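Examination of the molecular architecture
Read off the chains here:
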Amino acid sequence: MKNKTNIVIVIGTLAIYSLNQLVLKNLGIPFFNNYLNDLLAVALINSISLYRSNTQVTSFKYLFVITVGLSFLGEYLAIFLRPGSISDWWDVLCYFIGMFVYYLITNVIIKPI
């Protein structure tokens, strides 16, 4: 069940990401241009890495720690790795909202066995 949950989440997030890249960003709405991908990032990264390790992290505490690490990488280190990057607290908020949605999916909507 663990891998099936991760596969469904990966496919769902990649579908939304593709829709955003191909259609939604062209609408000129700032949310789609700036924040939707950040909402998807935590779920996608967790699902891919957990699928590879055949595990399921369902603890809010561990998801929180993972999200703090991803926020640090995405918002602090990106400034040094990608010239022109800008650190944005709204992005960090989106990472945590994405983490909370991932938590709800893996703990409430699809209960792990």
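The structure presented is a predicted model; accordingly, all values stated were derived computationally and were not measured. (Residues numbered from 1 in each chain as written. Predicted model: local features only at pLDDT ≥ 70, side-chain atom pairs only at ≥ 80, totals over all residues. Heavy atoms only, no water.)

**Some thoughts on the environment of Tyr17**
Under the convention used in this document: Secondary structure elements are defined from DSSP: runs of H or I of at least 4 residues count as helices, runs of E of at least 2 residues count as strands, and each element is numbered from the N terminus. By definition in these notes, contact holds between two residues if any of their heavy atoms fall within 4.5 Å.
When you line up the elements, Tyr17 lands in helix H1 (residues 2-22). Once the C-alpha coordinates of Tyr17 and Phe32 are considered, the two residues, 15 residues apart in sequence, prove to be 9.9 Å apart. Contacts of Tyr17, omitting those with residues within four sequence positions, involve Asn37 and Leu40.

**Focus on the packing of helix H4 (residues 60-81) against helix H5 (residues 89-109)**
Two measures define how a pair of helices packs: the angle their axes make with one another and the distance between the axes. To keep things clear, this is the line we draw: Here the axes come from fitting lines to C-alpha atoms, over the contacting stretch only for helices, and the angles between their N-to-C directions go from 0 to 180 degrees. An angle below 35 degrees is read as roughly parallel, one above 145 as roughly antiparallel, one from 65 to 115 as roughly perpendicular, and any other as oblique. When the near helix sits turned anticlockwise from the far one by under a right angle, the crossing is termed left-handed; a clockwise turn instead gives a right-handed crossing. Ten residue types, Ala, Val, Leu, Ile, Met, Phe, Trp, Tyr, Cys and Pro, are classed as nonpolar, four, Asp, Glu, Lys and Arg, as charged, and the remainder, Gly among them, as polar.
At their nearest, the axes of H4 and H5 sit 10 Å apart, and the two run at 150 degrees to each other. Looking at the two axes, H4 sits roughly antiparallel to H5. Pair H4 / H5 crosses with right-handed handedness. Here Phe60, Leu63, Phe64, Thr67, Val68, Leu70, Ser71, Gly74 and Glu75 of H4 lie close against H5, whose contacting residues are Asp91, Val92, Tyr95, Phe96, Met99, Phe100, Tyr102 and Tyr103. Looking at side-chain class alone, the contact of H4 with H5 contains twelve nonpolar, three polar and two charged residues.

**Examining a nonpolar patch on the surface**
Test applied: Here the term patch refers to residues with relative accessible area over 30% and no salt bridge, with like charges joined within 9 Å and nonpolar side chains (Val, Leu, Ile, Met, Phe, Trp, Tyr) within 5 Å. Throughout, the Shrake-Rupley method with a 1.4 Å probe supplies accessible areas, and for residues the shown protein chains are the sole cover considered. The term salt bridge refers to a pairing of a side-chain nitrogen on Lys or Arg with a carboxyl oxygen on Asp or Glu at a separation within 4 Å. Think of it in three bands: with a 1.4 Å probe and only protein chains considered, a residue is buried below 20% of the maximum accessible area for its type, exposed above 50%, and partly exposed in between.
A surface patch of nonpolar side chains, about 720 Å² in accessible area, is lined by Phe60, Phe64, Val65, Val68, Phe100, Leu104, Val108 and Ile109. Residue assignment for the nonpolar patch shows that the elements contributing at least two residues are H4 and H5. With respect to the helices and strands, Phe100 occurs in helix H5. By relative accessible area, Phe100 is classed as partly exposed at 41%.

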